[in-house]
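Coordinate inspection notes
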Amino acid sequence: MIEFDDVVKTFPDGTTAVDHLDLTIPDGAITVLVGPSGCGKTTSLRMINRMIDPTSGQIRIDGKPVGDSDPADLRRGIGYVIQAAGLFPHRTVVDNVATVPILAGTPKKKARAQARELLDRVGLRPELADRYPAQLSGGQQQRVGVARALAADPPVMLMDEPFSAVDPVVRDDLQQEFLRLQGELGKTIVMVTHDIDEAIKLGDHVAVFAEGGKLAQFAPPDQLLADPTGDFVSGFVGRDRGYRGLSFTTAEHLPVEPADTVVEGLRLALDSDGRALGWDGDGQSRLPTEGTFTATDTMRRVTDLAILSPAGAAVRVDGSGRVDGLVRHAVVAEHLRTRQLERLRSHGRSTTGAEG
Amino acid sequence: MEFFSDLVEYLEINYSTVLEALRDHLYIGLVPVVIAFVLSLPLGFLVVRYGWLRVPLLTLSSVLYTIPSLALILVIPGILSTNILDPNNVVIALTIYGLALLVRTTADGLSSIDPLIVQAATAMGYKPVRRWFAVDLPLALPVVLSGLRVATVASVSMASIAALVGIGGLGQLFTRGFQLGFYPPPIVIGLVLSVALAVVADLVIVLVQRAVTPWTRLRQGA
């Protein structure tokens, strides 16, 4: 657990980067600090490993104030991933990864052997180990950056815009891979980004910072989308937040109608295995279903299918692909309305924007 | 060819003198570069670390570099009370020139490092001194060693001036040739050896550079 306790950072030129920040970052989860430039998110991140010391207030990791530790020792126990990887250009990939263990006194040979294992873990081919960073693509470099941060197996990892220097396709791969890796490792991760979509995609918790170093909201991403506190956060979260929020709920509680229900004059045609063939009706040609969903798919997919369906109904299948029900979009809409109502009532929010 | 037979004859007779001149030249020309190189590292560090030192230190080195070498060599015994014929007068003078060149290139090399990489190193848990030797210095080496090549070649060629104040080195072969009524063999021998020495010294640095900075010669590849 990382606690910010009334932390203020004022720079010598008089600007307040972080303004009385109180924040508790939970263990074993990804917490994303997001906000416009100059909002103090990077300053906050760097105060955790004492790259910057606060003007006042205290930061504690597992109850221990970071100010009590020698900065170098503290940093060796905290993984750090930097924008554009920040790899050492004069060291091979394996030596880059072995940096922190060697600093901490692990024999070189052992540190290198462990580094090679880590490269495999972040999805890099073993023959890349002896190359220099300049010989790698941006995405590969970023993987090396993650491997280097993981090398000493630190419980806490800080990531400063880790995926911003790669193109969107590679970024998406890296993000998926990062989530998979975190699923295995369960580190306490604090990440900074200016990209709200990345924050919502990766964060278990998202801290939205406003200009002037104030924390505007700290919440899980689905709550951030469904219930932003005030104009700044709702403006920052952006358009389509209702629709984007559908990614965070699965279709498991969505009621279904029998597969043979006639919807808007159309009936679902099935093959002998019970798989969907298309919609029949009026003696016209068969119309496509545009895909199917399972109970573990997101509400976003279900909504999308219902909108695309000529019958206005999404087709649910079981694990083996056999149709086991239909959901009309009116049902989807009603399900979502009830959910949103419950959510707003449970947080006790009124239209004035005060948080309950 | 009469010239070549003269050359061979001169070498046969003055074999040991030529060797001695070469040895002196090596000492006078190369020792200053080594000293200047070692001194330029902390000075370059100071220039980069304390920004306010940059202008005064680099201006001072430029000014020192403009002092005529002969004047400097003649002034040093007066300041340091060394013997006027002490070869170290030349060594000190050439060290000052070498330093004037190298402080600038070392400072340039150190300030050319991507601050993001230095930051990353700090965030990994490097303490300042270890970081400087493990990260800053190696990354500055390509620029620093380029400067060292220039300083070395300049120093080896400038070392000939020592002969004008009666100190050894290959320059002595030039003065000998003039004294003998512009007799070519010693002049040519001195010239060839001086150039060869500069080329070999330069080559050695290039080889060292290739060995210690392998990452600078890479192209992005699969």
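Residues numbered from 1 in each chain as written. Chains lettered and ligands numbered in written order. Predicted model: local features only at pLDDT ≥ 70, side-chain atom pairs only at ≥ 80, totals over all residues. Heavy atoms only, no water.

**Observations concerning the packing of aromatic side chains**
Note on aromatic pairs: each is described by the distance of the centres and the angle between the planes. A complete count under the given rule lists 9 aromatic pairs over all chains for this structure. Ring geometry for Y10(B) versus Y183(B): centroids 6.3 Å apart, planes at 55°, classification tilted. Taken together, the positions of Y10(B) in helix 1 (residues 2-49) and Y183(B) in the loop between helix 7 (171-179) and helix 8 (184-212) put the pair 173 residues apart, joining distant regions of the chain. Given a relative accessible area of 7%, Y10(B) falls into the buried group. Classification of Y183(B) by relative accessible area gives partly exposed; the value is 25%. For the pair F45(B) and W132(B), a centre-to-centre distance of 5.8 Å together with 85° between the ring planes defines the contact as edge-to-face. Of the two residues, F45(B) sits in helix 1 while W132(B) sits in helix 6 (residues 128-158), which places them 87 residues apart along the sequence. Using a relative accessible area of 31% as the deciding quantity, one classes F45(B) as partly exposed. Here the guanidinium or amino end of R148(A) rests over the ring plane of F88(A), the centre of that ring lying 4.8 Å away. In this structure, R49(B) packs its charged tip against the face of Y50(B), placed 5.0 Å from the ring centre. (Phe/Tyr/Trp six-rings, centres within 6.5 Å; stacked < 30°, edge-to-face > 60°. Helix = DSSP H or I, 4+ residues; strand = E, 2+ residues; numbered from the N terminus. Buried < 20%, exposed > 50% of the residue type's maximum accessible area, 1.4 Å probe, protein only. Lys NZ or Arg CZ within 6 Å of the ring centre and 35° of its normal.)

**As for the interface of chain A and chain B**
Facing 29 residues of chain A, the contacting portion of chain B comprises 23 residues. When the two sides are added together, the surface that chain A and chain B hide from each other amounts to roughly 2300 Å², 64% of it contributed by carbon and sulfur. Put simply, chain A and chain B have 5 residue pairs in polar contact (both at pLDDT 80 or more) between them. Looking at the side of chain A that touches chain B residue by residue, the classes come out as 14 nonpolar, 7 polar and 8 charged. (Contact = heavy atoms within 4.5 Å. Buried area = accessible area lost by both parts, 1.4 Å probe. Polar contact = N/O pair within 3.5 Å; in protein donor to acceptor, adjacent residues only side chain to side chain. Nonpolar A, V, L, I, M, F, W, Y, C, P; charged D, E, K, R; others polar.)

**Digging into the domain arrangement of chain A**
As assigned here, chain A comprises domain 1 (2-245) and domain 2 (251-335). For domain 1 of chain A versus domain 2 of chain A, the distance between C-alpha centres works out to 41 Å. (Domains from an automatic or database assignment.)

**Examining the pairing of strand 6 (residues 78-81) of chain A**
Residues and elements named next belong to chain A. Burial along strand 6 is two-sided: the residues I78 and Y80 and G79 and V81 are all buried. With 4 bridges connecting them, strand 6 and strand 7 (residues 156-160) associate as parallel partners. Counterpart to V81 in the pairing with strand 7 is M159. (Pairing = 2+ DSSP bridges.)

**Here we look at the environment of V166(A)**
Residues and elements named next belong to chain A. You can see V166 is positioned in the loop between strand 7 and helix 7 (168-185). In this structure the C-alpha to C-alpha distance between V166 and A84, which are 82 residues apart in sequence, comes to 7.8 Å. Apart from residues lying up to four places away in sequence, V166 is in contact with G138, G139, R171 and L174.

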